[in-house]
Amino acid sequence: MVKSLDTPQAELLKPGVKTPVQETLLTPRFYTTDFDAVAQLDISAQDSELQAIVEELRADYNRHHFVRDEEFQQCWDHIDGETRLAFIDFLERSCTSEFSGFLLFKELSRRLKNRNPILAEAFNFMARDEARHAGFLNKAMADFNLSLDLSYLTKNRTYTFFPPEWIIYTVYLSEKIGYWRYILVYRHMEKHPEHQIYPLFRKFESWCQDENRHGDFFNALLRSQPQLWNNWQARLWVRFFLLSVFATHTLTVFERAKFYQSIGIDPREYNTRVIEETNNTAARAFPLNLNTSHPEFFQRLEQCSDLNVKLAEINQSDRPKAIKFCQKLPIIASIIGHLLRVYLIKPIDAESLRGAVH
């Protein structure tokens, strides 16, 4: 159950500090897990690969990357209207997502410090990266005279419990889809510099390499746990988490369509490309991936997005809660129906493809 931050506590926020958006299924979540179970994971099957990734994380290739150079030192009032609002929303959600990762990784590192040194060290380095990302995004928001009170979020945001297995699935996918989200925007800006409305996008190439390394770590962690990929239950869970991440991405992209259009990106093409690339990359970790070429795959996800817009319109209306509830029920049922139909599309066996996917 999520908790709205539209409460008297929000009145305690300082001037210039943005009131956090109300928590919904699409806003980034804060997670907690069974730390004892994580500490007891047997990672020996992937020990050498995990050690190699920890060495990369220790090298800290991006320690000098997140610098606000002179390009940031200007007035950004020319970014106004809907573009400004859409960009601030992008910054806020991205900052919240990165900060969520920082909190989870930092707590994992603290709890595992004397129990599983390799994992503790890796989570500490990944927390460092996520903190940099969140801080950089928050400073970007300050260019628009707003910021997030991250300590306030820490204390007042709802924490969702996921067992370690779910954490591994979801964080792996969030890091890999994050890589493709950032790198595709970066490549777009390289080809179309006229859409470079803000210097943050120039940082995305090295930034997304952090996401990629984090994803590689969780790939190795996942492959060290055979129960997460070598039985029929794992195959069902993999399909579920792939679909959940892809559906959430679709709804979020179309919800932020104005932002992507403002930087010259077609939301539909972007969403399709991000999902297809992430799905292909996931073949390196998962025993299967989804058949994104099926004619109903994107069609039904986009229908879910259209229905989500209708839900938002109902939520924003001033009708009584009971009427809203009755109006939303058939829409929610329809969304579930579309997602179930996508889930039942025959997946593609990925085990034979492992090692052949970049």
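Refer to the preceding data block for the structure.
Every value quoted in this text rests on a predicted model; they were computed, and no experiment measured them.

**Student:** Looking at this structure, how should I read the overall build of the protein?
**Tutor:** Counting its secondary structure elements, the protein contains 12 helices and four strands. Classification of the 358 residues of the protein by burial places 53% in the buried group. For the protein, restricting intrachain contacts to residue pairs at least 6 apart in sequence, the fraction spanning at least 24 positions comes to 83%. For the protein, the distance from the average site of its 43 positive side-chain charges to the average site of its 46 negative ones is 4 Å.

**Student:** So what exactly am I meant to see when it comes to unusual backbone geometry here?
**Tutor:** Located in the positive-phi region is D60, a residue other than glycine, with phi close to 55°. One can find D60 in the loop between α2 (47-59) and α3 (81-112). A relative accessible area of 11% means that D60 is categorised as buried.

**Student:** How do you make sense of the pattern of salt bridges when you look at a structure like this?
**Tutor:** Pairing between side chains of opposite charge can happen when the charged atoms of each approach one another. Taken as a whole and judged by the stated rule, the model has 21 salt bridges. Between E121 and R58 there is a salt bridge, and its shortest N-O distance comes to 2.5 Å. With E121 in helix α4 (residues 117-142) and R58 in helix α2, the pair connects residues that are 63 residues apart, well separated along the chain. By relative accessible area, which is 28% here, E121 ends up partly exposed. Relative accessible area serves as the criterion here: at 34%, R58 is assigned to the partly exposed category. D129 is the partner of R128 in a salt bridge, and the nearest nitrogen-oxygen pair spans 3.0 Å. Overlapping salt bridges, with partners in common, bring together D60, R128, D129 and R132 in one network.

**Student:** Help me understand the environment of N145, please; the structure alone is not making it clear to me.
**Tutor:** When you line up the elements, N145 lands in the loop between α4 and α5 (150-156). Between the C-alpha atom of N145 and that of L311, which follows or precedes it by 166 residues, the distance is 31 Å.

**Student:** Would you mind going over helix α12 (residues 321-343) with me for this structure?
**Tutor:** Helical geometry note: an α-helix holds 3.6 residues per turn, so side chains three or four residues apart project in the same direction. With 23 residues, α12 ought to run about 33 Å at 1.5 Å a step, and its terminal C-alpha atoms sit 32 Å apart, in line with that. In the structure, α12 departs most strongly from a straight axis at K328, where the bend amounts to approximately 30° and where the proline P330 lies between one and four residues downstream. Of the surrounding secondary structure, the elements contacted by the buried residues of α12 are α8 (232-255) and α11 (297-316).

**Student:** So what exactly am I meant to see when it comes to the nonpolar core here?
**Tutor:** Generally speaking, soluble globular proteins have nonpolar side chains that are buried together. F123, L200, F217, F218 and F286 are the most contacted members of the largest nonpolar core, which totals 99 residues. Considering every element that reaches this core, the biggest residue donor is helix α6 (residues 164-191), with 15 residues. In this structure F286 touches Y169, Y172, L173, L222, R223, V238, L242, A350 and E351, once residues within four positions along its chain are discounted.

**Student:** Explain the environment of I43 to me, please; I cannot follow it from the model alone.
**Tutor:** By the element assignment, I43 lies in the loop between α1 (35-39) and α2. The buried category is assigned to I43, whose relative accessible area is 8%. Not counting residues up to four positions away in its chain, the partners in contact with I43 are L50, N116, I118, L119, L221, S224 and Q225.

**Student:** Which parts of the structure should I look at to understand the side chain of N271?
**Tutor:** Locating N271 in the fold gives a position in helix α10 (residues 267-282). Leave out the neighbours within four places in its chain, and N271 touches H249, T250, V253, F254 and F298.

**Student:** I tried to follow the packing of aromatic side chains on my own but got confused; where do I start?
**Tutor:** How two aromatic rings sit relative to each other is given by the distance of their centres and the angle of their planes. This structure, assessed with the given rule, holds 39 aromatic pairs. The interplanar angle of 90° and the centroid separation of 5.2 Å between the aromatic rings of F162 and W166 together place this pair among those described as edge-to-face. Judged by relative accessible area, which is 12%, F162 ranks as buried. For W166, a relative accessible area of 27% gives the class partly exposed. Residues Y179 and W180 carry aromatic rings whose centres are separated by 5.0 Å and whose planes lie at 80° to one another, so their mutual orientation is edge-to-face.

**Student:** Even after reading the chapter, I still don't get the packing of α6 against helix α7 (residues 204-223), so can you show me in this structure?
**Tutor:** Two measures define how a pair of helices packs: the angle their axes make with one another and the distance between the axes. For the pair α6 and α7, interaxial distance at closest approach is 8 Å and the crossing angle is 155°. Between α6 and α7, the interaxial angle falls into the category roughly antiparallel. Between α6 and α7 lies a crossing of left-handed hand. A per-class count over the contact of α6 with α7 returns 15 nonpolar, six polar and five charged.

**Student:** Before we go on, may I ask you to explain the side chain of S94 in this structure?
**Tutor:** Residue placement: S94 occurs in helix α3. What S94 contacts, discounting residues up to four positions off in sequence, is L137, R181 and Y182.

**Student:** Would you mind going over the environment of S48 with me for this structure?
**Tutor:** The topology assignment puts S48 in helix α2. On the basis of relative accessible area, S48 is assigned to the exposed category, the value being 60%.

Rules behind the numbers
- Residues numbered from 1 in each chain as written.
- Predicted model: local features only at pLDDT ≥ 70, side-chain atom pairs only at ≥ 80, totals over all residues.
- Heavy atoms only, no water.
- Helix = DSSP H or I, 4+ residues; strand = E, 2+ residues; numbered from the N terminus.
- Buried < 20%, exposed > 50% of the residue type's maximum accessible area, 1.4 Å probe, protein only.
- Contact = heavy atoms within 4.5 Å.
- Lys, Arg positive; Asp, Glu negative; His and termini not counted.
- Charge placed at Lys NZ, Arg CZ, Asp CG, Glu CD.
- Salt bridge = Lys/Arg side-chain N within 4 Å of Asp/Glu carboxyl O.
- Expected span 1.5 Å × (residues − 1).
- Bend = angle between axes of the 7 residues up to and from the residue.
- Core = buried A, V, L, I, M, F, W, Y, C linked by side-chain atoms within 4.5 Å.
- Phe/Tyr/Trp six-rings, centres within 6.5 Å; stacked < 30°, edge-to-face > 60°.
- Axes fitted to C-alpha atoms, helices over the stretch in contact; angles between N-to-C directions.
- Parallel < 35°, antiparallel > 145°, perpendicular 65-115°, else oblique.
- Left-handed = near helix turned anticlockwise from the far one by under 90°.
- Nonpolar A, V, L, I, M, F, W, Y, C, P; charged D, E, K, R; others polar.

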